[in-house]
Amino acid sequence: MKMNKYLVSAFGALSLIAFNACSTEEPVEPTVTGSESQTEPVEMAGEVIVKFDPSVSDLLDERGLTQTRSGAAATRSGIYSVDEVLDMLGECELERVFPIDELHEEQTRQAGLHLWYVVRFSDKYSVEEVVDRLSTLGEVQTAAPNRTVKRAYRTDRKPIPFPKELLNAPATRADGANGYIYNDELLKWEWHVINRGYQDHFVIDAEEDAEVAKAKFKVGADVNCEKAWERSTGDPSIVVAVLDEGIYWRHPDLQANMWVNEGETYGSHKDNDKNGYVGDYYGYDFINNTGIISCDASADTGHGTHVAGVIAARNNNGIGITSIAGGTAENPGVKLMSCQIFSGNSSSNTVSLARAIKYAADNGAVILQCSWGYGSGAANGYEYTAGFATQEEWETNCPLEKASLDYFVHNAGSPNGPIEGGIPIFASGNEYAPAAGFPGAADYCVSVNAIAADYTLSTFSNYGPGSNISAPGGDQDYYFDYVNTAEGQNPAYTMARGAVGCVLSTMPPQVSNGTEYGYMEGTSMACPHVSGVAALGLSYAAQLRKHFTAAEFRKLLVESATPIDDYQSGNKSYYHYVTDLGKTYRKIIPLSQYVGKNGGLVNADKLLSAIADESAGTPVSFPNIYVGIGEENAVKEDPARYFKQGETLTYTLKIDNTSVATGEIKEGKAVFTGLTEGATTASITASNGEVQKFNITVRKSANGSGWL
């Protein structure tokens, strides 16, 4: 198998390899279980996921099961028929899947997510037997195994570090004076961001015909950021949740763009903001149940850090790489939330995954970056295990995953912000298969294929039904004849064959030989290019004070892609399994098989142009306010977010019934204080004369969602 194209158990599109990684903190090393690989989801012994019927919700609440994450585990449900089964199991416990987040409990309940529980029991009974018994009960809507989610990997495969000798070398730098907009030193090596065609530092093996090899880099085979950056370089109000290995948040190119939970303290042992997760400052590690984000387990690969850099490394800082939506010191870019679902050899599971997805929605993320997924249903059984063939099959077998993704799609964002709902973006998979893998192939997700630097689909990429769009993902096999850097045959500057045809991004230091940058490939690398472009588009919508539904924005993203069918002609030859067999196994692909099945190449400039169109979206509006009684429950809102060029305006408030609530503009923010239970209409007027009306609702005990 190739680097970055290995199945993850039930998550085949994640392209990961194992090796020693680095540390962002000092968490306990997860238990290492060996180097075995899984090719299909495996049931976790002694764990079953249950969704109860809404009719028993009050019984569950009375039993206090909503508090099991912070108190003693419950052993019975208070539901007679269910407890009969639990009595049979003997020692067991129940835990609500999604912990209470006081701010979002109301919408959690509206979505029915408060009804999902994990039942844990001894190995005296099989998972199948417990599922069968619980499924027959009228009080149980769904019973399913909690499945492991574990990467399959080879410890002898590593990403390719950028050579130390080339960092800060004059021949390496893109300094703004040589035709590049930013001075990040490695930008000219990032064909996937700005493709200038063949460059002198892409040295070709003498065995390869030079003209043929040079043609493998075509001008413009990138995400078309340069013109887009004239409109927007990113906005810190847009948060991308990276569901992957942990992000190396200390990285000098990433730290400024990390999402920070201001209500928490890093390393805290208390849930200071009462969202159900302790110490979640940069995000949360859902595997080890800690707020400490790590990337130092022996089998970690730097994958989460790599995809994060593509999206939002800091630009124009004189070091490292250029990203799509990372912004600059003067104009900060989008934020990265680390939702860690993989850690070394430790298995993740359905519950951890679902929690990560809901956490992202509840804590401000509007894009899910998901370089993982089940294998394609069309994968050949010789090299890969086929996954689900239809959306119905996936939804039936993975009900909790579907429920959590539904929640993200419908509850992320805001009806008063640039997007209402969220956009889950997935890698289509690396099985060379004519169909994308799930969950990305679901109709409410975006599934991403990979291309090489000449617009042709990457030799490993899935394509066809279920896939929506393409983006640069690299193709090491195809670029196997590119061997050295600008120093020619000097061994000190030699890079692994084909590396320059892969994607260059941020890496943790111990994974990258200390350089903190390196190459990887796969639809896993194509995926963050689309996440970055989507984040850039939403940043621009925020600047224009425009609002889109998730479905509207997803449609714009896909329809603004550049057609690339004209490049899918003739044959494409490459060396399969190059890391094992060298140039002894040459393969040929007829490119015609991709015509009409690639989705087109994501295009940042066209997306932003579509967003700017007068017919696209609707104006944002000042939100309705929910507030508790008393100054201690006062709510602040920034009016500048809801008026064009709002930062340059001043504002006045008018509250129609001041016996219910009062308000004032203080340091540019609108501050509301509840006086007594009730509701009142109100309005805010900007200095340009624009008036927006809204409602204020006061309750005895309320938070932003109004849940009592």
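Keep in mind that this is a model prediction, so the values were computed, not measured.

Definitions and cut-offs
Residues numbered from 1 in each chain as written. Predicted model: local features only at pLDDT ≥ 70, side-chain atom pairs only at ≥ 80, totals over all residues. Heavy atoms only, no water. Pairing = 2+ DSSP bridges. Helix = DSSP H or I, 4+ residues; strand = E, 2+ residues; numbered from the N terminus. Axes fitted to C-alpha atoms, helices over the stretch in contact; angles between N-to-C directions. Contact = heavy atoms within 4.5 Å. Buried < 20%, exposed > 50% of the residue type's maximum accessible area, 1.4 Å probe, protein only. pLDDT = per-residue confidence, 0-100. Left-handed = near helix turned anticlockwise from the far one by under 90°. Nonpolar A, V, L, I, M, F, W, Y, C, P; charged D, E, K, R; others polar.

A.B. asks: Pulling in residues and values, what's your account of the sheet that holds strand β27 (residues 669–674)?
C.D. replies: Read across the sheet, three strands follow the order β24-β27-β26 without closing on themselves; strand pairing throughout is antiparallel. Strands at the two margins of the open sheet, each flanked by one partner only, are β24 (635–637) and β26 (661–666). Pairwise comparison of adjacent strand axes, ignoring direction, gives a mean angle of 20° for this sheet. Two strands pair when backbone bridges link them, and β24 and β27 are joined in this way by three bridges, in the antiparallel orientation.

A.B. asks: Could you give an account of the sheet that holds strand β1 (residues 43–52), with specific residues and numbers?
C.D. replies: The five strands are arranged β2-β3-β1-β4-β10 in an open sheet whose pairing can be described as antiparallel. Each end of this open sheet is capped by a strand with a single partner; those strands are β2 (92–96) and β10 (348–349). In this structure, strand β4 (residues 140–149) lies alongside β10, joined through two bridges in antiparallel fashion. Across the sheet, residue Val149 finds its bridge partner in β10, namely Ser348. Sitting on the sheet, helix α4 (residues 127–135) touches β1, β3 (116–121) and β4, and the angle it makes with β1 is about 15°.

A.B. asks: I'd like to hear about helix α6 (residues 303–312), residue by residue, with values.
C.D. replies: When you tally the buried positions in α6, you get ten out of ten residues, the bulk of the element. Residues of α6 that are buried: His303, Gly304, Thr305, His306, Val307, Ala308, Gly309, Val310, Ile311 and Ala312. Contacts from the buried residues of α6 go to β7 (239–244), β9 (335–340), β11 (365–370), β17 (503–506), β18 (517–520) and α10 (523–544).

A.B. asks: How would you explain the confidence of the model for the protein chain if you had to name every residue and give the values?
C.D. replies: Low pLDDT means the predicted atomic positions in that stretch should not be read closely. For the protein chain, per-residue confidence averages 87 on the pLDDT scale, and 86% of positions sit at 70 or higher. Here residues 152–156 is a poorly scored stretch, pLDDT under 50, and it has 19 contacts once near neighbours within four places are set aside; other chains count. Note that pLDDT drops below 50 for residues 702–708; the model gives that stretch 21 contacts with residues more than four away or on any other chain.

A.B. asks: Quick rundown of the packing of α6 against α10? Include the residues and the values.
C.D. replies: With their axes 8 Å apart at the nearest point, α6 and α10 run at an angle of 35° to one another. Between α6 and α10 lies a crossing whose hand is right-handed. Contact residues: His303, His306, Val307, Val310 and Ile311 in α6; Ser524, Met525, Pro528, His529, Ser531 and Gly532 in α10. Split into classes, the residues belonging to the contact of α6 with α10 amount to five nonpolar, six polar and no charged.

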